[in-house]
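# Architecture at a glance
Single-letter residue listing:
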Amino acid sequence: MQHKTQLTLPFLLSQVLLLVFAEDLECIPGFQQKVFHIEQPSEFTEDQPILNLVFDDCEGNDKLNFEVSNPDFKVEPNGSLVALKNITEAGRALFIHARSAQAEDMAEVLIVGGKDHHGSLKVIDSDGTEGSKFRLSGKGVDQEPKGAFKINENTGEISVTRSLDREAIPTYQLQVEITDVSGKSIEGPVLLDIIVIDQNDNRPIFREGPYVGHVMEGSPTGSTVMRMMAFDADDPATDNALLRYNILKQTPDKPSPNMFFIDPEKGDIVTVVSPALLDRETMENPKYELIIEAKDMAGLDVGLTGTATATIVIDDKNDHPPEFTKKEFHATVKEGVTGVMVNLSVEDRDDPATGAWRAVYTVINGNPGQSFEIHTNPKTNEGMLSVVKPLDYEISAFHTLLIKVENEDPLVPDIAYGRSSTATVQITVLDVNEGPVFHPDPMTVTKQENIPIGSVVLTVSATDPDILQHQTIGYSVYKDPAGWLEINPTNGTIFTTAVLDRESPYVHNNVYTALFLAIDSGNPPATGTGTLQITLEDVNDNAPAIYPTLAKVCDDAKDLRVVVLGASDKDLHPNTDPFKFELSKQSGPDKVWKIAKINNTHAQVSLLQNLKKANYNIPILVTDSGKPPLTNNTELKVQVCSCKKSKMDCSAADALHISMILILLFSLVSLFCL
């Protein structure tokens, strides 16, 4: 007993010092000291104080109660730990649980020394051979973790040298053998299995968070929301890992502080309120947070605890149809304009993040010409009513549309769309001064090219859509690329100011295009544009031309064919081919050229004999098939070159040679004929 007094006295002094300074410190609920170390005496004596525990809940310790893990001990109301009977062995630790109306805590008393300091067992040698010794080997002795066990080589007592952790290594298999004085094995080895007995030294932990569950609003009582599972590293075959679950706190606590229940054994969270209370739209916050406690020792007060937060979201279902904020909306729009003209607002009490809130609008009446469309604004959920085909004030100055609104998701079976899910839109069309309109547009006409300047092409006509305004219309030229036309500003008659040329670069595919304006007398005036397309008929006003106009030939050529001539004509058939090719007249013995037709567009020019090196100009006549036909006289330049070793030398020798004489003779004959 004196041994206990010596242990207890310093502890009591420390408690006195703690109480002395406690007034200067902030009160922390619980045991003021949580871990104690005492040496086990030969015997714990009944009703004799072992140590004193100090517990303070900072509120007066109302209804304070202590529980000890070993039923052979108890804690007196004054905090003294005592034995209920004389005890020689109490194990390695005692766990003391304190709970008051305001707080709870756990303290641990570690018992060291004596026979239970590390635990031991004894190996007996039945033969008792003189000088024999015991030897221990295996994992925990000479294998990692080395040195956990040792054996008294003389007595055979096996002891533990340090604390063992069952969660790290639950069993050890050692080998014991007997050796002689020389160390030679004379018996064994014998296997020795050591099982580490579990102590409740691991709190339950929730390892799979965050924990989020969902339940549909209006779900029946008892609907399963989610399952909470905690893990305890202690021996699952003992109560040290037998868990029980409990809800410590629910936030918010409306409309009921007990919205949910957790199965203490399985960890399933279920609803316990009626479907009417599980109404998302009436809740302050459709998200609840539960503090879940898992306690080992099958939920006994001495059990260790772990906590986690479970978040439960009340999911929305489409139990509220969208409703227009007004039964009738009004809009004003100018005729001829497109775009959004009015936004229709609705209210929906469902979750804005779901299809139960998102609106879908439909025009169900008043839109036979499909002039209107309505789309949903994804941010505001409003219906954006737009004009997609310009409206005409002169046709209708007013429109009435009937609009319905629904949700993307279907309503629940017992809910239906009501009268508030439809609305009327009254649209007023404003008159705008519209530009005159040409009839027809484009305007087409066919004319021959080269008609006299001042010829009338067409008289155009434009009308004013604003029939109620009685305006006059004037005309002007807008685009006339070639500058060929003019228009009478009053009556719309278009006439030529230049010759129309079908072959002009401003004419495409025989069509000349010009634009004209019709301008009304409004304030400000409005303008309309009309297109005139003139199809030009061809006249034979272009003589054909030959190609090429230069040819070369060797002075000793055996093949006297010089060149193949082709002809082209800008006009159209029949004012083009077949073409007639001719040489101008050649005099007596100097006839050295001939031309022969190949087809309708080509002819062959040949020599009748070899010529000496020189340049020759040959007059060629080509005539088209127009009525009347047109002839073009073109000189073909032929270079007669010297050719040696595949090289052609065409430098001029006797320029113009025979051809000049021919031309002079031709000119003299022509003068005499006149």
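In the nomenclature of an unreviewed UniProt entry, the chain is known as Cadherin-13 of Chrysemys picta bellii. What UniProt records for the chain under Function (unreviewed entry) is the sentence "Cadherins are calcium-dependent cell adhesion proteins. They preferentially interact with themselves in a homophilic manner in connecting cells; cadherins may thus contribute to the sorting of heterogeneous cell types. May act as a negative regulator of neural cell growth." UniProt's Subunit (unreviewed entry) comment on the chain is quoted here verbatim: "By contrast to classical cadherins, homodimerization in trans is not mediated by cadherin EC1 domain strand-swapping, but instead through a homophilic adhesive interface which joins two elongated EC1-EC2 domains through a region near their Ca2+-binding sites to form a tetrahedral, X-like shape."

## Observations concerning the overall build of the chain
Looking only at helices and strands, one finds two helices and 49 strands in the chain. For the chain, the residues scored as buried account for 40% of the 674 residues in total.

## Structural notes on the packing of aromatic side chains
Where two aromatic rings form a pair, the distance of their centres and the angle of their planes describe that pair. This structure, assessed with the given rule, holds twelve aromatic pairs. Ring centres of F260 and Y288 lie 5.7 Å apart, and the angle between their planes is 70°; on these two criteria the pair is classed as edge-to-face. Note that F260 is positioned in strand β19 (residues 260–262) and Y288 in strand β21 (residues 287–295), a separation of 28 residues in sequence. Taken as a pair, F260 and Y288 share a single burial class, namely buried. Above the plane of the ring of F231 lies R207, whose end atom (NZ or CZ) is 3.9 Å from the centre.

## Side note on the state of the cysteines
By definition, a disulfide links the sulfur atoms of two cysteine residues through a covalent bond. Enumeration according to the criterion identifies three disulfides in this entry. The partner cysteine of C27 in its disulfide is C58, sulfur to sulfur 1.7 Å. Linking C27 and C58, the disulfide has an S-S dihedral of approximately -85° and is accordingly described as left-handed. Of this pair, C27 sits in the loop between α1 (2–22) and β1 (30–31) while C58 sits in the loop between β4 (55–56) and β5 (65–68); the two residues are 31 residues apart in sequence, bridging distant segments of the chain.

## Thoughts on the confidence of the model for the chain
Summary statistics for the chain give a mean pLDDT of 87 and a share of 89% for residues scoring 70 or more. Every residue in residues 1–25 is under pLDDT 50, and counting partners more than four places away or in other chains gives 20 contacts. Segment residues 653–674: pLDDT under 50, and 23 contacts once partners within four positions in sequence are set aside and those in other chains are kept.

## Looking at the environment of E265
Structurally, E265 can be placed in the loop between β19 and β20 (268–271). Residue E265 is classed as exposed on the basis of its relative accessible area, which comes to 55%. Taking the C-alpha atoms as reference points, E265 and N246, 19 residues apart in sequence, are found 9.4 Å from one another.

## With respect to unusual backbone geometry
Note the cis peptide between K254 and P255, where omega equals 0°. Mapped onto the secondary structure, P255 falls in the loop between β18 (244–251) and β19. Residue K63 is not a glycine yet carries a positive backbone phi of 55°. In this structure, K63 sits in the loop between β4 and β5. One non-glycine residue, K645, adopts positive backbone phi at about 50°. Tracing the chain through its elements places K645 in the loop between β48 (631–644) and β49 (647–649).

## A few points about the pattern of salt bridges
Considering all chains together, one arrives at 20 salt bridges under this definition. Salt-bridge contacts for K74 lead to E76; the nearest nitrogen and oxygen are separated by 3.5 Å. As a salt-bridge pair, R166 and E167 come within 3.2 Å of each other at their nearest N and O atoms. Using a relative accessible area of 13% as the deciding quantity, one classes R166 as buried. Each of R99, E104 and D301 takes part in salt bridges that share partners, so that together they form one network.

## Focus: the sheet that holds strand β16 (residues 211–216)
Spatially, β16-β22-β21-β18 is the arrangement adopted by the four strands of the open sheet, whose pairing is mixed. Of all the strands in the sheet, the pair left with one neighbour each is β16 and β18. Each adjacent strand pair in this sheet contributes to an overall mean axis angle of 30°, direction not counted. Where β16 lies against strand β22 (residues 305–315), six bridges are found, and the strand directions are parallel. Looking at β22, one finds that Y211 is bridged to A310.

## Focus on the sheet that holds strand β31 (residues 422–430)
Ordered in space as β24-β31-β30-β27, the four strands form an open sheet in which the pairing is mixed. One side of each edge strand has no neighbouring strand; the edge strands of this open sheet are β24 (328–334) and β27 (359–365). Going from strand to strand, the sheet's axes swing by 30° on average, the running direction of each strand aside. In this sheet, β31 lies alongside β24 in parallel orientation, the contact comprising seven bridges. Residue pairing for β31: A331 is matched across the bridge by I427.

## Here's the deal with the side chain of D279
Secondary-structure assignment places D279 in the loop between β20 and β21. An unpaired buried charge is present at D279: no salt bridge exists, and R349, the closest side chain of opposite charge, is 5.3 Å distant. Those residues in contact with D279 that lie beyond four places of it in its chain are E217 and D319.

## Side note on the pairing of strand β39 (residues 511–520)
Regular strands place their side chains on alternate faces of the sheet. In terms of burial, β39 is largely enclosed, as seven of its ten residues are buried. Taken together, the six bridges between strand β36 (residues 473–479) and β39 define a ladder with antiparallel strand orientation. Residue pairing for β39: S476 is matched across the bridge by L517. As paired elements, β39 and strand β40 (residues 527–537) share nine bridges and run antiparallel to each other. For Y512, the partnering residue across the bridge sits in β40 and is I534. Linking β39 to β40, which pair antiparallel, is a turn of six residues.

## Some remarks on the nonpolar core
Ranked by internal contacts, the top residues of the largest apolar core, which has 27 residues, are L565, F581, W593, I595, I618, I620 and L636. Among the elements that take part in this core, strand β47 (residues 614–623) stands out by supplying five residues, more than any other. Sequence-distant contacts of L636, that is, excluding residues within four places in its chain, are made with P548, T549, L550, V563, L565, V605, Y616, N617, I618 and I620. Core analysis: the next-biggest nonpolar cluster, separate from the first, contains 24 residues, A230, I269, A308 and I312 among them.

## Description of the side chain of D198
Mapped onto the fold, D198 is located in the loop between β15 (185–195) and β16. D198 sits in the buried class, given a relative accessible area of 10%. Among the polar contacts made by the side chain of D198, one reaches the main-chain amide nitrogen of D235 at a distance of 2.9 Å. Side-chain polar atoms of D198 contact the side chain of N240, separated by 2.8 Å.

Procedures and definitions
Within each chain, residues carry numbers counting from 1 in the order of the written sequence. Note on the predicted model: pLDDT of at least 70 is required for a residue's local features to be given, and 80 or more for side-chain atom pairs to be given and counted; whole-chain, interface and lining totals, by contrast, use all residues. The side-chain quantities take in all heavy atoms of the structure and omit both hydrogens and water. UniProt positions are given in the numbering used here, feature names are shortened, and annotations may be inferred rather than shown by experiment. Numbering of helices and strands runs from the N terminus, with a helix taken as a DSSP run of H or I at least four residues long and a strand as a DSSP run of E at least two residues long. Only protein chains enter the area calculation, which uses a 1.4 Å probe; residues under 20% of their type maximum are buried, those over 50% are exposed, and those in between are partly exposed. Two aromatic rings, drawn from Phe, Tyr or Trp (for Trp, its six-membered ring), form a pair once their centres lie within 6.5 Å of each other, and the interplanar angle then sorts them: stacked below 30 degrees, edge-to-face above 60, tilted otherwise. Lysine NZ or arginine CZ positioned within 6 Å of the ring centre and within 35 degrees of the ring normal marks a charge as sitting over the ring. The disulfide criterion used throughout: a pair of cysteine sulfur atoms within 2.5 Å. Each residue gets a pLDDT score, which is the predictor's confidence in that residue and runs from 0 to 100. Note on definitions: a residue-residue contact is assigned when non-hydrogen atoms from the two residues lie within 4.5 Å. Salt bridge, as used here: a side-chain nitrogen of Lys or Arg that lies within 4 Å of a carboxyl oxygen of Asp or Glu. A pair of strands is labelled paired if DSSP reports no fewer than 2 bridges between them. For helices, the axis comes from a line fit to the C-alpha atoms of the stretch in contact; other axes are also lines fit to C-alpha atoms, and the angle between any two N-to-C directions lies between 0 and 180 degrees. Counted charges follow a simple rule, with Lys and Arg positive, Asp and Glu negative, and His plus the chain ends left uncounted. For this analysis, a nonpolar core means a set of buried residues of the types Ala, Val, Leu, Ile, Met, Phe, Trp, Tyr and Cys, connected via side-chain atoms within 4.5 Å. Polar contacts here mean pairs of N or O atoms no more than 3.5 Å apart (in protein, one a potential hydrogen donor and the other a potential acceptor; neighbouring residues in sequence count only if both atoms are side-chain atoms).

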